[in-house]
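Residue-level structural notes
In case you want the letters, here they are:
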Amino acid sequence: MPAISSNKPYRVGRSRTGLGLFATQPIKKGAKIVRYFGPLLDSKKKKDDAIENKYLFELNGRWTIDGSIRKNIARYINHACKPNAESDVKPRKRKVVIRAIKNIEPGEEINYDYGTDYFKAYLKPIGCKCAACEKKRKQQRAEARAEKARLKAKAERKALKKAEKEAAKADRKKQKLNGKTNGAMANGKLLNGHGPTRAAARKTSSAKPPVPAKTAAKQAGEQRAAVN
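Cut-off values and rules
Residues numbered from 1 in each chain as written. Predicted model: local features only at pLDDT ≥ 70, side-chain atom pairs only at ≥ 80, totals over all residues. Heavy atoms only, no water. Pairing = 2+ DSSP bridges. Helix = DSSP H or I, 4+ residues; strand = E, 2+ residues; numbered from the N terminus. Salt bridge = Lys/Arg side-chain N within 4 Å of Asp/Glu carboxyl O. Buried < 20%, exposed > 50% of the residue type's maximum accessible area, 1.4 Å probe, protein only. Axes fitted to C-alpha atoms, helices over the stretch in contact; angles between N-to-C directions. pLDDT = per-residue confidence, 0-100. Contact = heavy atoms within 4.5 Å. Patch = residues over 30% accessible without salt bridge, like charges linked within 9 Å, V, L, I, M, F, W, Y side chains within 5 Å. Areas by Shrake-Rupley, 256 points an atom, 1.4 Å probe, with all protein chains shown as cover. Lys, Arg positive; Asp, Glu negative; His and termini not counted. Charge placed at Lys NZ, Arg CZ, Asp CG, Glu CD. Core = buried A, V, L, I, M, F, W, Y, C linked by side-chain atoms within 4.5 Å.

**Quick look at the sheet that holds strand β1 (residues 10-15)**
Spatially, the 4 strands line up as an open sheet ordered β1-β2-β10-β7, and their pairing is mixed. Every interior strand has two partners, whereas the edge strands, β1 and β7 (78-79), have only one.

**Focus: the pattern of salt bridges**
The full count for this structure, using the stated rule, is 5 salt bridges. Asp 88 is the partner of Lys 90 in a salt bridge, and the nearest nitrogen-oxygen pair spans 3.4 Å. By relative accessible area, Lys 90 is classed as partly exposed at 29%. Linked by salt bridges that have partners in common, Asp 88, Lys 90 and Arg 99 make up one network.

**Considerations on the pairing of strand β10 (residues 109-112)**
A two-sided burial pattern is seen for β10, the buried positions comprising Glu 109 and Asn 111 on one face and Ile 110 and Tyr 112 on the other. By the bridge criterion, 2 bridges tie β7 to β10 in an arrangement that is parallel. Paired with His 79 across the bridge in β10 is Tyr 112.

**Looking at the environment of Gly 115**
On the secondary structure map, Gly 115 appears in the loop between β10 and α2 (116-123). The exposure class of Gly 115 is partly exposed, given its relative accessible area of 24%. Gly 115 sits 28 residues away from Ser 87 along the chain, and the two C-alpha atoms are 10.0 Å apart.

**Observations concerning the sheet that holds strand β8 (residues 85-90)**
Across the sheet, 3 strands lie side by side as β3-β9-β8; this open sheet has antiparallel pairing. Edge positions in the open sheet fall to β3 (32-36) and β8, since each of these has one partner strand only. When the angles between neighbouring strand axes are averaged without regard to direction, this sheet yields 25 degrees. Inspection of the sheet shows β8 paired to strand β9 (residues 95-100) by 6 bridges, in the antiparallel sense.

**Quick notes on the confidence of the model for the chain**
Across the chain, the average pLDDT comes to 83, with 77% of residues at or above 70. Counting contacts from residues 1-5, a segment whose pLDDT is below 50, to residues more than four positions away or on other chains yields 11 contacts.

**Quick notes on a positive patch on the surface**
A surface patch of like charges, here positive, comprises Lys 161, Lys 165, Lys 169, Arg 172 and Lys 173. Here Lys 173 lies in helix α3 (residues 131-188). Judged by its relative accessible area of 65%, Lys 173 is exposed.

**Describing unusual backbone geometry**
Residues other than glycine seldom take positive phi values, yet Arg 94 does so here, at roughly 55 degrees. Structurally, Arg 94 can be placed in the loop between β8 and β9. Overall, the relative accessible area of 36% leaves Arg 94 in the partly exposed class.

**Looking at the side chain of Thr 64**
If you trace the backbone, Thr 64 turns up in strand β6 (residues 63-66). Beyond its immediate chain neighbours, meaning those up to four positions away, Thr 64 contacts Pro 39, Leu 40, Leu 41, Leu 56, Phe 57, Glu 58 and Leu 59.

**Some points on the nonpolar core**
One broad trend across soluble globular proteins is that nonpolar side chains are buried collectively. Core analysis: the biggest nonpolar cluster contains 23 residues, and Leu 21, Ile 33, Val 34, Ile 77, Ile 98 and Ile 110 have the highest contact counts within it. Every element with two or more residues in this core is listed here: β1, β2 (18-23), β3, β6, β9 and β10. Sequence-distant contacts of Val 34, defined by excluding residues within four places in its chain, comprise Tyr 10, Leu 21, Ala 74, Ile 77, Val 97 and Ile 98.

**Brief notes about the pairing of β6**
Within a regular strand, the side chains alternate between the two sheet faces. By the alternation rule, side chains of β6 split into Trp 63 and Ile 65 and Thr 64 and Asp 66, which are all buried. Here strand β4 (residues 40-42) pairs with β6 via 3 bridges, running antiparallel. Directly across from Asp 42, in β6, lies its bridge partner Trp 63. Connecting strand β5 (residues 56-58) to the antiparallel partner β6 that follows it, the hairpin turn spans 4 residues.

**Re the environment of Trp 63**
Summarising the element assignment, Trp 63 is placed in strand β6. Trp 63 sits in the buried class, given a relative accessible area of 16%. Spatially, the C-alpha atom of Trp 63 lies 8.9 Å from that of Lys 44, the residues being 19 residues apart in sequence. If sequence neighbours within four positions are ignored, Trp 63 has contacts with Leu 40, Leu 41, Asp 42, Glu 58 and Arg 94.

So this is what it looks like as structure tokens:
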């Protein structure tokens, strides 16, 4: 790793994406932080146009800076979707300077937006790991967990309501069945164990009434006269 002068307001250190550049002193908004430099590649030359690495910084349609050399400290600056610095590109001078767009405190990682083309080619396939994207993914995971819990609670309430409805239906059916059974017992057995049954009442009502004594004697006399 290249030596960095102690008077520089930054240091190379470990980041969530590997190595990164961190402020060692307060850096004011608008201040120049570091220059992005390296060999110039001419796209009109096949040899230069064939070079491929993730540190290429395109100045215009012809010129590109190959920032892969170790002396280029700016190559350690990571991408961020909500950065605290930006690349100040000067195509005519074939020069790129990284400047602060916010006040940066000591210990804070320095970052800038690499641009749409780089993002699509290198970051989107693996997922951007900048602080803003990590925060967004964390929020999305929390929302997904909350939605899952909400759907689970809704399903449980629905199941409970269904169970209560079925229990109430079964209770009504049981009450109705008990009512029919009690009616059948009242019609077919002694009421309170004392009253006659309907069958006995019918049997008593169908018996012939007793014949008065005078009528019976008269009938007996008529029968004897008929015999003589």
